[in-house]
Amino acid sequence: MGDLTRDSDRIIENARIVRDDNRTGGRHRREVSIGAGSAKIKKDIWVKRIRNIAIALFGIWVATGVAGLILDGIGFAGVMALVVASVIAIAVLGNYPKLKTPRRENLNKGNVKDMVGRTELWLESQAPALPPPAARIVSDMGVQLDALGLQLEGVDQNHPKAREVRSLVGEQLPEMIDSYRKIPAHLRTEQRAGATPDEQLTDSLGKISGEIDSITRQLAEGSLDDLAIKHRYLDYKFGEGAATAPELENKN
């Protein structure tokens, strides 16, 4: 089980390295999502846009072809109209439907796994307004939330851990960031109760990050135990343990 935990940590660290490299333009100079959940939402939007463009172009070209048959040709003006109509369709539908940042009050709705993806997208929109140390923690949360989302697959919505995730990710996290953003910028670096609002936010985000990782590990314990049991069984059945199995000794 220790090896599995180390492998999990290594996978998460590799994902962080790739994400950071992408963010600085190392491999692909493009807008990078902080996690797979928000990336999927964006991908779904683009799939819908491409589908709409394909349908519109098909309709325009079919209509033009029918008009050409009826009018015995569409001429140069018709060809130009076809090109213009196609360009307009691509320009308009290429931006529709719009990618809307989820509203804070809508984050905690629906399936808890979908809530995690919406929170990632919401965090992306908040990061530029946060102090650099806090923004880095938010970026790292994308990888953590991806791992959490995988563990939430198939988990009952009323499971205690699912409710804990709703409270932590869908309520406490966005409420804290929202409260920080309501503070005037010139007051965010002033000491209050022993720390500045910037420091308080960064410290609180660090604690939430640690709690997300803790919940993920707790949810994964069942899978780790199950894998370890299967490994011991296979070793007993087909590995070194098979050599000393009682039934084999009896056969000899």
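Parameters at a glance
Residues numbered from 1 in each chain as written. Predicted model: local features only at pLDDT ≥ 70, side-chain atom pairs only at ≥ 80, totals over all residues. Heavy atoms only, no water. Helix = DSSP H or I, 4+ residues; strand = E, 2+ residues; numbered from the N terminus. Buried < 20%, exposed > 50% of the residue type's maximum accessible area, 1.4 Å probe, protein only. Contact = heavy atoms within 4.5 Å. Areas by Shrake-Rupley, 256 points an atom, 1.4 Å probe, with all protein chains shown as cover. Salt bridge = Lys/Arg side-chain N within 4 Å of Asp/Glu carboxyl O. Axes fitted to C-alpha atoms, helices over the stretch in contact; angles between N-to-C directions. Parallel < 35°, antiparallel > 145°, perpendicular 65-115°, else oblique. Left-handed = near helix turned anticlockwise from the far one by under 90°. Nonpolar A, V, L, I, M, F, W, Y, C, P; charged D, E, K, R; others polar. Core = buried A, V, L, I, M, F, W, Y, C linked by side-chain atoms within 4.5 Å. Expected span 1.5 Å × (residues − 1). Arc of directions from axis to C-beta. pLDDT = per-residue confidence, 0-100.

Draft legend 1. Representation of the overall build of the protein in the model. Secondary structure summary: the protein contains nine helices and zero strands in total. In sequence order, the protein lays out its α and β elements as α-α-α-α-α-α-α-α-α. Classification of the 252 residues of the protein by burial places 34% in the buried group. Summarising the internal contacts of the protein: among those between residues at least 6 apart in sequence, 69% fall at separations of at least 24. Within the structure as shown, the protein displays about 15800 Å² of accessible surface, and the carbon and sulfur contribution to it stands at 58%.

Draft legend 2. Summary view of the pattern of salt bridges. Within the structure shown, the criterion is met by eight salt bridges. For the salt bridge of K207 with D203, the shortest nitrogen-to-oxygen distance reads 3.3 Å. With K207 and D203 both in helix α7 (residues 197–238), this residue pair falls four residues apart, about one helical turn.

Draft legend 3. Up close: the packing of helix α2 (residues 36–71) against helix α3 (residues 75–93). Put simply, α2 and α3 touch, their axes get as near as 9 Å, and they point 165° apart. The angle between α2 and α3 places the two elements in the roughly antiparallel class. Here α2 and α3 pass one another in a crossing that is right-handed. On the side of α2, the interface is formed by R49, N52, I53, A56, L57, I60, W61 and T64, while α3 contributes L82, A85, S86, A89, I90 and L93. Of the residues in the contact of α2 with α3, the class split is 10 nonpolar, three polar and one charged.

Draft legend 4. How the structure looks around the nonpolar core. In terms of nonpolar packing, the biggest core is built from 32 residues, with L123, L148, V165 and L205 touching the most fellow members. Here L148 is in contact with V165, V169, I212, I215, T216 and L219, once residues within four sequence places are set aside.

Draft legend 5. Representation of the environment of L57 in the model. Tracing the backbone through its elements, the reader meets L57 in helix α2. When the C-alpha atoms of L57 and A85 are compared, they prove to be 8.6 Å apart, with 28 residues separating the residues in sequence. Apart from residues lying up to four places away in sequence, L57 is in contact with S86, A89 and I90.

Draft legend 6. A look at α3. With 19 residues, α3 extends 27 Å from end C-alpha to end C-alpha; this agrees with the ideal 27 Å at 1.5 Å per step. The set of residues buried in α3 consists of G78, L82, S86, A89 and L93. Taken end-on, α3 shows its buried residues confined to a sector of 75°, consistent with a single buried face. Every exposed residue of α3 that faces more than 90 degrees away from the buried side is listed here: F76, A77, V87 and V92. Elements in contact with the buried residues of α3: α2.

Draft legend 7. Looking closely at the packing of α2 against helix α4 (residues 112–126). Running from N to C, α2 and α4 cross one another at 90°; their axes reach a closest spacing of 7 Å. Judged by the angle between their axes, α2 and α4 are roughly perpendicular. Two secondary-structure elements touch here, α2 through A36, G37, S38, I41 and K42 and α4 through G117, R118, E120, L121 and E124. For the contact of α2 with α4, the residue count by class is three nonpolar, three polar and four charged.

Draft legend 8. Representation of the confidence of the model for the protein in the model. Summary statistics for the protein give a mean pLDDT of 80 and a share of 75% for residues scoring 70 or more. Per-element confidence in the protein is highest for helix α6 (residues 160–181), whose mean pLDDT is 92, and lowest for helix α9 (residues 246–251), whose mean pLDDT is 47. In this model, residues 248–252 is a region of pLDDT below 50 whose contacts with residues beyond four sequence positions or in other chains number three contacts.

Draft legend 9. Structural context of the environment of M141. In this structure, M141 sits in helix α5 (residues 132–152). M141 sits in the buried class, given a relative accessible area of 0%. Each C-alpha atom of the pair M141 and I34 lies 7.6 Å from the other, and the pair is 107 residues apart in sequence. Those residues in contact with M141 that lie beyond four places of it in its chain are L123, L173, L205, I208, S209 and I212.

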